Amino acid sequence: MSETILVTGGAGYIGSHTAVALAERDVQVVIVDNLANSSAKAIEAIDRLGGRRVIFHEIDLLDADALGDVFQAHPIDAVIHFAGLKAVGESVEKPLDYYRTNLLSTMNLLDQMAANDVWDLVFSSSATVYGDPKILPIPETAPLGPTNPYGRTKHMIEDICRDAAAADRRWRISLLRYFNPVGAHPSGELGEDPRGIPNNLVPFVMQVAVGRRERLSVFGDDWETDDGTGVRDYIHVLDLASGHVSALDRLEPGCDEFNLGTGTGVSVFDIVKTVENVTGVSIPYEVVDRRPGDIATSLADPSKANEKLEWRADRSVDTMLTDSWRWQSNHPNGFNDEQHLTAEAEG
Ligand code: NAD
Ligand code: UD1
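All values derive from a computational prediction rather than experimental measurement. Residue indices begin from 1 for each chain and proceed along its sequence in written order. Chains carry letters from A onward and ligands carry numbers from 1 onward, assigned in written order. Under the rules for a predicted model, residues below a pLDDT of 70 receive no local features and side-chain atom pairs below 80 are neither given nor counted, while totals for whole chains, interfaces and linings still include all residues. To get the side-chain values, take all heavy atoms of the structure and skip hydrogens and water.

### A word on the site of ligand 2
Put simply, the test is: Note on definitions. A residue lies near a molecule or strand when any single heavy atom of the residue is within 4 Å of it. Distance and chemistry together define a polar contact, namely a pair of N or O atoms within 3.5 Å, with one atom able to donate a hydrogen and the other to accept it when in protein, and with adjacent residues in sequence counting only for side-chain atoms on both sides. Method for areas: the Shrake-Rupley scheme with a 1.4 Å probe, in which residue coverage is limited to the protein chains shown. Every helix listed is a DSSP run of H or I at least four residues long, and every strand listed is a run of E at least two residues long, numbered separately from the N terminus. All residues other than Ala, Val, Leu, Ile, Met, Phe, Trp, Tyr, Cys, Pro, Asp, Glu, Lys and Arg, Gly among them, are scored as polar; the first ten of these are nonpolar and the last four charged.
Around ligand 2 lies a shell of 20 residues, among which Leu201, Ser217, Arg232, Arg291 and Asp294 are the nearest. For ligand 2, an oxygen atom lies 2.9 Å from a polar atom in the backbone of Phe219. Within the side chain of Asp294, one N or O atom sits 2.5 Å away from an oxygen atom of ligand 2. In isolation ligand 2 has 740 Å² of accessible area, and contact with the protein removes 85% of it. Looking at the shell around ligand 2, the elements that each hand over two or more residues are strand 7 (180–182) and strand 8 (216–219). Per-element accounting of the shell around ligand 2 gives the leading share, 4 residues, to strand 8. Classifying every residue of the shell around ligand 2 by side-chain character gives 10 nonpolar, 7 polar and 3 charged.

Right, here's the structure in full:
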């Protein structure tokens, strides 16, 4: 394991949990984040939970000079690149923002890495690159076909990384395709903190459980699944974090892709039932139309990561939702009450 790791987007949901996992291994973590979708309070939580201080630079990755200064200031051995925009619906409305931010920030990062002789990279890709899967569970070799601008930025960045690694064998890159990250740090001090109305199921249900939202809208109960609701492969964010540590430890020359998931399918109704068990709160819901662009089932074949990364996601759905609930009930309005109230008033 390298000593100093640059974590872009390290104040965000997955980056912050990964920063804690790295700090626990006594790695010096350097975070760059523009706080576009996160709070500086996450950095304080990482410091407390990881047991050693991280170095934080509040910069935009689109600012190549500022990023270059970070590489000059620290002896960076490897990079984990989480930073980017990630809301599917927003990407349909503002595609140019998504292409500009996600692609140009990655280009700046790769340029600065090469200029500073840093060749080890772990990148946050997504199961969204598979689009509507033809094979279940989905192996890494399945055809790619993202169906929205956000997904296409992930696909394009994957291609950029593959091309860079084919042209220069010094690159050692892992593209990690996450399935559905949920859960929170078991301390209840770090978790997902979406701004405005959550797009994703678990943060939405948690806000219903805590009384912030009246009821869940279930997006269709006529899918071709056992109970008619959408099936996903939910993975605990701590398992995801340890997947990054394993990937860093096992980088090889070239560029390789790995699914990070459990291989177990869980429906919307399964989630509702488990949240009710874990919280003791009944979750009112209504079934509404399908969400445009949704798919029936998304399920990982994680065997490549199990074997090559010697990693396995083994935390249960019960644990995921218990940990989400601890975070949500300790922090009903996330890290920053004022920020959330403002975002919601605007939205
Ligand atoms: P997040 O929004 O919580 O974290 C991303 C971080 O990047 C935020 O802290 C944000 O402020 C920062 N950022 C955005 N643009 C930036 C810029 N131009 N310069 C500097 N910092 C910038 O998201 P997350 O859920 O932690 O996701 C992390 C990564 O994983 C993203 O690339 C996302 O696309 C990918 N991913 C997430 C999911 C998911 O469901 N959460 C699933 C698959 C892939
Ligand atoms: C979302 C992203 C996808 C990303 C994935 C992993 C969208 C459209 N897609 O998809 O790009 O790769 O997360 O993080 O945001 N559901 C409801 N009611 C809700 C919210 C969701 O019924 O209020 C259902 C959905 O129809 C789906 C399941 O819950 O069946 C999970 O939804 P969500 O958490 O948004 O994840 P994905 O659909 O997998």
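### What about the pattern of salt bridges?
The line we're drawing: By salt bridge we mean one thing: a side-chain nitrogen of Lys or Arg within 4 Å of a carboxyl oxygen of Asp or Glu. Only protein chains enter the accessibility calculation, which uses a 1.4 Å probe. A residue is then buried if its area is under 20% of the maximum for its type, exposed if over 50%, and partly exposed in between.
Under the criterion given, the structure shown has 20 salt bridges. For Asp159, the salt bridge identified is with Arg162, shortest N-O distance 3.1 Å. Residue Asp159 and its partner Arg162 are located together in helix 6 (residues 149–167), separated by 3 residues, close to a single helical turn. Residue Arg162 is classed as partly exposed on the basis of its relative accessible area, which comes to 23%. Its salt-bridge partner being Lys308, residue Asp256 comes within 3.2 Å of it at the nearest N-O pair. You can see Asp256 sitting in strand 11 (residues 254–260) and its partner Lys308 sitting in helix 10 (residues 303–308), a full 52 residues away along the chain. Taken together, the shared-partner salt bridges in this structure form one network comprising Glu158, Asp159, Arg162, Arg177 and Glu257.

### A short note on the site of ligand 1
In the vicinity of ligand 1, 26 residues are found, and the nearest of them are Asp33, Asn37, Ser38, Lys86 and Tyr150. In the environment of ligand 1, a nitrogen atom lies 2.9 Å from a nitrogen or oxygen atom belonging to the side chain of Asp60. Here ligand 1, which alone exposes 820 Å², has 94% of that area covered by the protein. Elements with a minimum of two residues in the shell around ligand 1: helix 1 (13–24), strand 5 (120–126) and helix 6. No other element matches the 3 residues that strand 5 contributes to the shell around ligand 1.

### What to know about the packing of helix 7 (residues 201–209) against helix 11 (residues 317–330)
The criterion, for reference: Angles run from 0 to 180 degrees between N-to-C directions of axes, and those axes are lines fitted to C-alpha atoms, restricted for helices to the stretch in contact. Here is the rule for angles: anything less than 35 degrees is roughly parallel, anything more than 145 is roughly antiparallel, 65 through 115 is roughly perpendicular, and the remaining ranges are oblique. Note: crossing handedness is left-handed where the near helix turns anticlockwise from the far helix by less than a right angle, and right-handed where it turns clockwise. The criterion used for residue contact is that any of the two residues' heavy atoms lie within 4.5 Å.
Contact geometry of helix 7 with helix 11 gives a least axis separation of 10 Å together with a crossing angle of 55°. Comparing their axes, helix 11 and helix 7 come out oblique. The interaxial crossing formed by helix 7 with helix 11 has right-handed handedness. Listed contacts from helix 11 to Val202, Pro203, Met206, Gln207 and Ala209 of helix 7 are Leu321, Ser324, Trp325 and Gln328. For the contact of helix 7 with helix 11, the per-class residue count stands at 6 nonpolar, 3 polar and no charged.

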